[in-house]
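# A structural walkthrough
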Amino acid sequence: MASSTVNRWLRPEVYPLFAAVGVAVGICGMQLIRNICTNPEVRVTKENRTAGILDNHAEGEKYSQHALRKFVRNKSPEIMPNINNFFTDPKY
């Protein structure tokens, strides 16, 4: 039975599906670890939870304005701007 299961699911046609699901799981895991480790509103230890609401605006600003957001802040929100210009600009 194990041989038929392997033959059914490990075909070359299924590799892109495994890759897409693997990337999605990796992104979710990365975001979960990022939130647990660096989010100023998440308190894991009991001592931090008893502190109540903290006014740590600088730490919240640092968390929300991470490196990726700073990188894409002044970029155009297009994935392929040359192709978009080709189809929308009348001068071509």
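Residues numbered from 1 in each chain as written. Predicted model: local features only at pLDDT ≥ 70, side-chain atom pairs only at ≥ 80, totals over all residues. Heavy atoms only, no water.

### Side note on the overall build of the protein chain
Just so we agree on the cut-off: The secondary structure listing takes helices from DSSP runs of H or I that are at least 4 residues long and strands from runs of E that are at least 2 residues long, numbered from the N terminus. Each residue gets one of three labels from its accessible area relative to the maximum for its type: buried under 20%, exposed over 50%, partly exposed in between, using a 1.4 Å probe on protein chains only. Computed with the Shrake-Rupley method and a 1.4 Å probe, the accessible areas treat only the protein chains shown as cover for residues. By the counting scheme adopted, Arg and Lys are positive, Glu and Asp are negative, and His together with the chain ends is not counted. Positions of charges follow a simple convention, taking NZ of Lys, CZ of Arg, CG of Asp or CD of Glu.
Tallying secondary structure elements over the protein chain gives 6 helices and 0 strands in all. The secondary structure elements of the protein chain, listed N-terminal to C-terminal, are α-α-α-α-α-α. Seen through its principal axes, the protein chain has C-alpha atoms that stretch 65 × 55 × 15 Å. Taken over 92 residues, the protein chain has a buried fraction of 4%. Put simply, the protein chain shows about 8,500 Å² of open surface, and 64% of that area lies on carbon and sulfur atoms. Distance between charge centroids for the protein chain: 5 Å, based on 12 positive and 8 negative side chains.

### Focus on the environment of Ala-58
Structurally, Ala-58 is set in helix α4 (residues 57–64). By relative accessible area, which is 65% here, Ala-58 ends up exposed. Taking the C-alpha atoms as reference, Ala-58 lies 53 Å from Thr-5; in sequence the two are 53 residues apart.

### Regarding the environment of Arg-43
Topologically, Arg-43 is positioned in the loop between α2 (15–38) and α3 (46–49). The exposure class of Arg-43 is partly exposed, given its relative accessible area of 24%. Sequence separation between Arg-43 and Val-72 is 29 residues, and the spatial gap between their C-alpha atoms is 29 Å.

### Regarding the side chain of Asn-39
Here is the rule: Contacts are assigned to residue pairs that have any heavy atoms within 4.5 Å of one another.
Considering the arrangement of structural elements, one finds Asn-39 in the loop between α2 and α3. Once residues within four sequence positions are removed from consideration, Asn-39 is found in contact with Arg-34 and Tyr-63.

### Observations concerning the packing of aromatic side chains
To keep things clear, this is the line we draw: Here a pair means two rings of Phe, Tyr or Trp (six-membered ring of Trp) with centres within 6.5 Å. Their orientation is stacked below 30 degrees between planes, edge-to-face above 60, and tilted elsewhere. Any Lys NZ or Arg CZ that is within 6 Å of a ring centre and within 35 degrees of that ring's normal is treated as a charge sitting over the ring.
According to the stated counting rule, one finds 1 aromatic pair in the structure shown. Relative to Phe-87, the ring of Phe-86 lies with its centre 5.1 Å away and its plane at 80°, an arrangement referred to as edge-to-face. When its relative accessible area of 49% is taken as the criterion, Phe-86 is described as partly exposed. We classify Phe-87 as exposed; its relative accessible area is 65%. Over the ring of Phe-71 we find Lys-75, and its NZ or CZ is 4.7 Å from the ring centre.

### Quick word on the confidence of the model for the protein chain
For clarity, the threshold we go by: The predictor reports its confidence for every residue as pLDDT, a score running from 0 up to 100.
In the predicted model, the protein chain carries a mean pLDDT of 83, and the fraction of residues at 70 or more is 93%. Within the protein chain, α2 carries the highest mean pLDDT (93), whereas α3 carries the lowest (74).

### Details of a nonpolar patch on the surface
For the record, the criterion: Here, patches come from residues exposed beyond 30% relative accessible area and free of salt bridges, joined within 9 Å for like charges and within 5 Å for nonpolar side chains (Val, Leu, Ile, Met, Phe, Trp, Tyr). Throughout this description, the term salt bridge denotes a Lys or Arg side-chain nitrogen within 4 Å of a carboxyl oxygen of Asp or Glu.
A grouping of Val-6, Trp-9, Leu-10, Tyr-15 and Phe-18 is seen on the molecular surface, where their side chains present a nonpolar patch of about 520 Å² in accessible area. The set of elements that each furnish at least two residues to the nonpolar patch consists of α1 (2–9) and α2.

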